[in-house]
Amino acid sequence: MVPLLLVLLLAVLLFGVGFALHVLWWVAIVVLVLWLLGFLVRPGSGAGRGRWYRW
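Here the structure is a predicted model, which is why all the values come from computation and not from measurement.

K.L.:
Sorry if this is basic, but what is going on with the overall build of the protein here?
P.N.:
In terms of regular secondary structure, the protein is built from 1 helix and 0 strands. When the accessible surface of the protein is summed, it comes to about 5400 Å², and 80% of that surface belongs to carbon and sulfur atoms.

K.L.:
Looking at this structure, I do not really get the packing of aromatic side chains. What am I missing?
P.N.:
Aromatic ring pairs: the centre-centre distance and the angle between the two ring planes describe each pair. Taken as a whole and assessed by the stated rule, the structure comprises 1 aromatic pair. Where F15 meets F19, the ring centres are 6.4 Å apart and the plane angle is 25 degrees; that geometry is what we call stacked. Taken together, the positions of F15 and F19, both in helix α1 (residues 2–40) and 4 residues apart, correspond to about one turn of that helix. Of the two residues, F15 and F19, both sit in the exposed class.

Criteria and cut-off values
Residues numbered from 1 in each chain as written. Predicted model: local features only at pLDDT ≥ 70, side-chain atom pairs only at ≥ 80, totals over all residues. Heavy atoms only, no water. Helix = DSSP H or I, 4+ residues; strand = E, 2+ residues; numbered from the N terminus. Areas by Shrake-Rupley, 256 points an atom, 1.4 Å probe, with all protein chains shown as cover. Phe/Tyr/Trp six-rings, centres within 6.5 Å; stacked < 30°, edge-to-face > 60°. Buried < 20%, exposed > 50% of the residue type's maximum accessible area, 1.4 Å probe, protein only.

Below you can see the structure in the form of C-alpha cells.
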C-alpha cells in the first residue's frame, strides 16, 4: 500500500511540475510576442528614442 501511495504522490508532483512548465512556456511566448511588437509598433515622433516603453 505504501509503494502505491508513493507512486501516486510522485505522479501528482510530476503532473504539477509539467503543468507549471506548460503554463510558463505560454507566458514566455506571450512575452516574446509583446517584445517583438515593441520593435514593430513605434511612435512617429516624440521622446524616448522611438520606443514604446520607458526603460
